[in-house]
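Architecture and fold: a report
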Amino acid sequence: MQVTLFSFFISVVWSSFLIVVIYLFRKMRFLICQFGVMSLVLLYLFCAIRMAVPLDFTFTKGISLEGMFSGIYERVVIEKIGMTDISVLSILFFLWIAGSSVLLVGFVYQYHMAKKEISTYPIRQDEQCQRVFAEVVNGSKRQKLLPFREINIRYSGEVNTPRGLGIFDRSIILPDEAYTDKELYYILKHEYTHFLNRDLLVKMLIHIFCCVFWWNPIVYFLEKDVSQALEIKCDLCVTEQMDNREKADYLATILSILKKADTAGKKLVLYSTAQLVSKEHETEIVERFRIVSGKHRFRRGRKILPATGIAAFLAVFVFSYSFVLQPCYEAPVEEIEAEPDAQELRPDNTYILKGKDGIYTIVLPSGTRQDIDEKFAVEMEKQGINIVKEED
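What this report covers is the structure whose coordinates are included nearby.

Calculation notes
Residues numbered from 1 in each chain as written. Predicted model: local features only at pLDDT ≥ 70, side-chain atom pairs only at ≥ 80, totals over all residues. Heavy atoms only, no water. Helix = DSSP H or I, 4+ residues; strand = E, 2+ residues; numbered from the N terminus. Buried < 20%, exposed > 50% of the residue type's maximum accessible area, 1.4 Å probe, protein only. Polar contact = N/O pair within 3.5 Å; in protein donor to acceptor, adjacent residues only side chain to side chain. Contact = heavy atoms within 4.5 Å. Patch = residues over 30% accessible without salt bridge, like charges linked within 9 Å, V, L, I, M, F, W, Y side chains within 5 Å. Areas by Shrake-Rupley, 256 points an atom, 1.4 Å probe, with all protein chains shown as cover. Salt bridge = Lys/Arg side-chain N within 4 Å of Asp/Glu carboxyl O. Lys, Arg positive; Asp, Glu negative; His and termini not counted. Charge placed at Lys NZ, Arg CZ, Asp CG, Glu CD. Pairing = 2+ DSSP bridges. Axes fitted to C-alpha atoms, helices over the stretch in contact; angles between N-to-C directions. Parallel < 35°, antiparallel > 145°, perpendicular 65-115°, else oblique. Nonpolar A, V, L, I, M, F, W, Y, C, P; charged D, E, K, R; others polar.

For the rest of this paragraph, the subject is the side chain of Thr 193. Checked against the element boundaries, Thr 193 lands in helix H7 (residues 181-196). Judged by relative accessible area, Thr 193 falls into the buried class, the value being 7%. Within the structure, the side chain of Thr 193 is placed 2.7 Å from the backbone oxygen of Lys 189, a separation counted as a polar contact. If we skip the residues at most four places from it in the chain, Thr 193 touches Cys 234, Cys 237 and Val 238.

Structure below.
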């Protein structure tokens with residue numbers, strides 16, 4: 001296994017193509033209902049893995065291309081700029097590393113400052129909050145995965161909508177407002193479910209991935225749509241056991257929060273938070289409402305279609321490693337015949353003789369014979385040189 005410029009190029013092409021395909025398919029709600037949101041999130045993660053793991057395997061074949069592809073390769077990789085020994089590829093690589101470093105450092109700093117600021121927010125210790133949150137935790141079938149004491153519930157005027165933050169030191173931040181028991185229950189249940197599903201970890205990893213591949217516009221489709229898919233998945237987990245009345249109350253709570261939200265003067269913005277609702281993404285909210293309201297029924301029980309879809313995707317995923325694109329050039333004649341005794345080996349003037357004793361002998365255009373090992377003989381055969389077995 002190795003990483004080459006060509007394997008990296010094909011990985012970007014394949015992963016970008018697959019991300020666009022999944023993005024277009026996810027907009028078809030029928031497919032969300034059939035495959036399930038988690039299946040689509042997994043497919044997105046496979047796309048990210050494909051771009052992040054650009055390997056050549058032993059079975060990977062090189063496909064040589066002439067014309068524009070070879071011309072671009074020559075100008076970007078081979079040719080040097082001016083009198084320097086620097087290629088365009090070297091400059092692009094430097095810009096990539098510099099941009100990624102700036103974005104990653106900025107993200108780490110932003111996350112650290114947000115955590116530091118959140119630690120100053122007061123913890124809600126009132127009877128209502130403790131009672132309602134205990135009801136949320138005790139009503140969860142997976143409460144052992146995330147004990148009650150591992151989450152702090154804070155409040156602040158610096159946030160306009162409820163949100164969760166933290167991978168290890170977890171917090172739910174509420175706006176400094178009064179809520180009914182029912183509203184508080186749905187808010188806390190939503191954010192608690194995000195923690196149970198490890199959604200914040202997924203969002204953080206995807207954002208780090210976007211910081212690394214910042215130059216590829218397709219990754220921003222990935223980040224945006226994974227975030228939306230995680231919200232839909234969370235909504236479905238929260239409302240899974242609810243009747244129509246309870247679902248209506250849950251959606252009414254989201255709508256109430258949306259109406260109260262006011263972006264003016266609110267400064268806590270962070271990619272790796274799980275936000276219940278956002279005024280900047282009203283189209284996505286409409287999609288969530290339609291799905292939760294039951295206008296699109298989700299398959300339960302039979303998993304044949306999702307399994308078939310994922311199997312087909314994995315087959316394409318493996319196939320994407322089967323070949324790489326490479327430039328093709330005709331070597332100059334002066335280089336081919338640089339030495340007086342140099343000979344051009346072609347399928348029409350050269351062959352390999354396999355003796356009865358298993359020894360391989362290459363017969364050159366001049367008639368000269370030379371013993372070679374089996375590995376070299378196999379490589380020559382791949383180049384079109386025929387292997388002829390010696391007759392008894």
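What follows covers a negative patch on the surface. Together, Asp 357, Asp 371, Glu 390 and Glu 391 make up a region of like negative charge exposed at the surface. On the secondary structure map, Asp 371 appears in strand E9 (residues 369-372).

Our next topic: unusual backbone geometry. Positive phi values are uncommon outside glycine, yet Arg 198 reaches one of about 60°. Topologically, Arg 198 is positioned in the loop between H7 and helix H8 (199-212).

Another point: the pattern of salt bridges. Here the structure, examined in full by the defined rule, presents nine salt bridges. In this structure, Lys 233 and Asp 199 form a salt bridge, with 3.2 Å as the shortest nitrogen-oxygen distance. Placement of Lys 233 in helix H9 (residues 218-239) and of Asp 199 in helix H8 is noted, with a sequence separation of 34 residues between them. A cluster of three or more residues bridged by salt bridges with shared partners is formed by Glu 127, Arg 131 and Asp 181.

Attention shifts here to the side chain of Ser 87. Structurally, the position occupied by Ser 87 is in the loop between helix H4 (68-78) and helix H5 (88-118). Judged by its relative accessible area of 5%, Ser 87 falls in the buried class. Among the polar contacts listed, one links the side chain of Ser 87 to the side chain of Ser 90, at a separation of 3.1 Å. In this view, Ser 87 contacts Val 76, Val 77, Glu 79, Lys 80 and Ile 81; residues no more than four positions away in its chain are not counted.

Turning our eyes to something else, we now look at the pairing of E9. Relative to E9, strand E8 (residues 360-363) runs antiparallel, the two sharing four bridges. Considered in E9, the bridge of Ile 362 is made with Gln 370. Connecting the antiparallel pair E8 and E9 is a turn made up of five residues, with Gly 367 showing a positive phi of about 95°.

On to the packing of H4 against H5. Contact geometry for H4 and H5: axes closest at 5 Å, N-to-C directions at 70°. By the criterion of interaxial angle, the relationship of H4 to H5 is roughly perpendicular. Here Arg 75, Val 76 and Val 77 of H4 come into contact with H5, specifically with Val 88, Leu 89 and Leu 92. Taken together, the residues that form the contact of H4 with H5 break down as five nonpolar, no polar and one charged.

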